[in-house]
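Close look at the chain arrangement
Chain by chain, the residues:
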Amino acid sequence: MVSNGSHGHQPRRTSRSNHGRAESARHESANTSRAAGDTDFVTTVIPSDFAASRELQHRIIQQVIHHGYSERNLFAIKLALEEAMINAIKHGNKLDMKKKVRVDYAVTPQHVELIIEDEGPGFHREQVPDPTSEENLCKCSGRGILLIEAYMSKVEYSKGGRRVRMIKFNQADTPSAHG
Amino acid sequence: MPETPALVTVTRVKDTDIVEFTQSKILDEGNISEIGNILNDLVDQRPNPVILLDFSNVDHLSSAALGMLINANSRLRKKNGQLRLTSIKPQIFEVFVITKLNKLFRIYANRDEAMESFT
């Protein structure tokens, strides 16, 4: 039903500085190239499709596992990645298969960096109601962002909220992240 | 034999429906929606639903799953029902703490304690 013949699953490597010009890599590419930089980023563009997302998430998590992150850090990264991908596909692109999600990721023994960008209208972080306040506790939104921010070491939004950049440092188990 | 594994098993013990999540991940949107339907049916079937959710097998869940639990809880409260959560692994419990949903739900360490808590 959602088959679109996409060729967007192939990753390509870009340098750290490249993710500043997302538009230049918005086309789907099967090319893999490695450029000089502090950290190698792998860029993947997928359609707004949960199955494609699941596959990409699995690939990223395998790399994290490969680098020997603790169970706790692994849980944090899995959760944040899941929430960010759902946000991009569902809330950003509104499940529109014509819209893409671009993911740049770098996994090193020291840190994991994930940059996820959708083609939706964006959002204003400060306008998302606090889901932990008494009056919002029974509402069903805002928790994804809360969890991302609680579990990741660093989270930044840009491009009007269409892009989220998050980093998890591979520290020995960090103190629990309470919001 | 079913083609796809069941998402939950439901066992009636006295007046309590014990719902055990069978999968380690509650992430997939379709699965979450299906579990939500099962819980809603349990709530709708009875005048004062009494439900125990067993998380023994659960290693991962998403905010969408939390939303589904909140919906089920709201529906159940409208019918003066009782809901308890049990056997939540520490890393999942932390998710409840961060979202402060440990204040919304009544969470017990094990089934026996949860069963005793029903009034």
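Because the structure is a prediction, the values reported are computed rather than measured. (Residues numbered from 1 in each chain as written. Chains lettered and ligands numbered in written order. Predicted model: local features only at pLDDT ≥ 70, side-chain atom pairs only at ≥ 80, totals over all residues. Heavy atoms only, no water.)

Next up on the list: the overall build of chain A. The helix and strand inventory of chain A stands at three helices and six strands. Mapped in sequence order, the helices and strands of chain A form the string β-β-α-α-β-β-α-β-β. In chain A, once contacts between residues fewer than 6 apart in sequence are set aside, the share between residues at least 24 apart is 67%. Carbon and sulfur atoms make up 52% of the accessible area of chain A, which totals about 8600 Å². (Helix = DSSP H or I, 4+ residues; strand = E, 2+ residues; numbered from the N terminus. Contact = heavy atoms within 4.5 Å. Areas by Shrake-Rupley, 256 points an atom, 1.4 Å probe, with all protein chains shown as cover.)

Our focus in this paragraph is the pairing of strand S4 (residues 111-117) of chain A. Along any regular strand the residues' side chains alternate between the sheet's two faces. Residues and elements named next belong to chain A. Counted residue by residue, S4 has seven buried out of seven residues, so it is predominantly covered. On S4, burial covers both faces: His111, Glu113, Ile115 and Glu117 on one face and Val112, Leu114 and Ile116 on the other are all buried. Count of turn residues in the strand S3 (residues 100-107)/S4 antiparallel hairpin: three residues. Note that S4 and strand S6 (residues 163-169) share seven bridges and pair antiparallel. Within the sheet, the bridge partner assigned to glutamate 117 lies in S6 and is arginine 163. (Buried < 20%, exposed > 50% of the residue type's maximum accessible area, 1.4 Å probe, protein only. Pairing = 2+ DSSP bridges.)

Per the stated rule, a full pass over the model turns up five aromatic pairs over all chains. The interplanar angle of 70° and the centroid separation of 5.8 Å between the aromatic rings of phenylalanine 75 of chain A and tyrosine 151 of chain A together place this pair among those described as edge-to-face. A residue pair is termed long-range when its members are at least 10 positions apart, and phenylalanine 75 of chain A in helix H2 (residues 71-92) and tyrosine 151 of chain A in helix H3 (residues 143-151) qualify at 76 residues. For the pair shown, phenylalanine 75 of chain A and tyrosine 151 of chain A are each scored as buried. Note on phenylalanine 96 of chain B and phenylalanine 105 of chain B: the rings are 6.1 Å apart at their centroids and 80° apart in plane angle, and the pair reads as edge-to-face. For the pair phenylalanine 96 of chain B and phenylalanine 105 of chain B, one class covers both residues: buried. Site record: aromatic cluster; members linked through ring pairs are Phe21, Phe55, Phe96 and Phe105 of chain B. (Phe/Tyr/Trp six-rings, centres within 6.5 Å; stacked < 30°, edge-to-face > 60°.)

A few words now on the sheet that holds strand S2 (residues 16-21) of chain B. Residue and element names in this part refer to chain B. What the five strands build is an open sheet, ordered S1-S2-S4-S6-S7; its pairing is mixed. Both outer strands of the open sheet, strand S1 (8-13) and strand S7 (106-108), are each paired with one neighbouring strand and no more. Recorded for the sheet is a direction-independent mean angle of 25° between the axes of neighbouring strands. Relative to S7, strand S6 (residues 82-86) is paired through three bridges, and the arrangement is parallel. Pairing of threonine 86 across the sheet is with tyrosine 108, part of S7. (Axes fitted to C-alpha atoms, helices over the stretch in contact; angles between N-to-C directions.)

Every contact between the two is made by 25 residues of chain A and, on the other side, 22 residues of chain B. In total, about 2100 Å² of surface goes out of reach between chain A and chain B, with carbon and sulfur atoms giving 63% of it. The three residues of chain A that bury the most area against chain B are Phe75, Leu137 and Arg143 of chain A, which together make up 25% of that side's buried surface. At the junction of chain A with chain B, the criterion picks out two salt bridges. Residues glutamate 94 of chain B and arginine 72 of chain A are paired through a salt bridge, measuring 3.2 Å at the closest nitrogen-oxygen approach. Where chain A touches chain B, the interface holds four residue pairs in polar contact (both at pLDDT 80 or more). The set of elements that each furnish at least two residues to the side of chain A that touches chain B consists of helix H1 (50-66), H2 and H3 of chain A. (Buried area = accessible area lost by both parts, 1.4 Å probe. Salt bridge = Lys/Arg side-chain N within 4 Å of Asp/Glu carboxyl O. Polar contact = N/O pair within 3.5 Å; in protein donor to acceptor, adjacent residues only side chain to side chain.)

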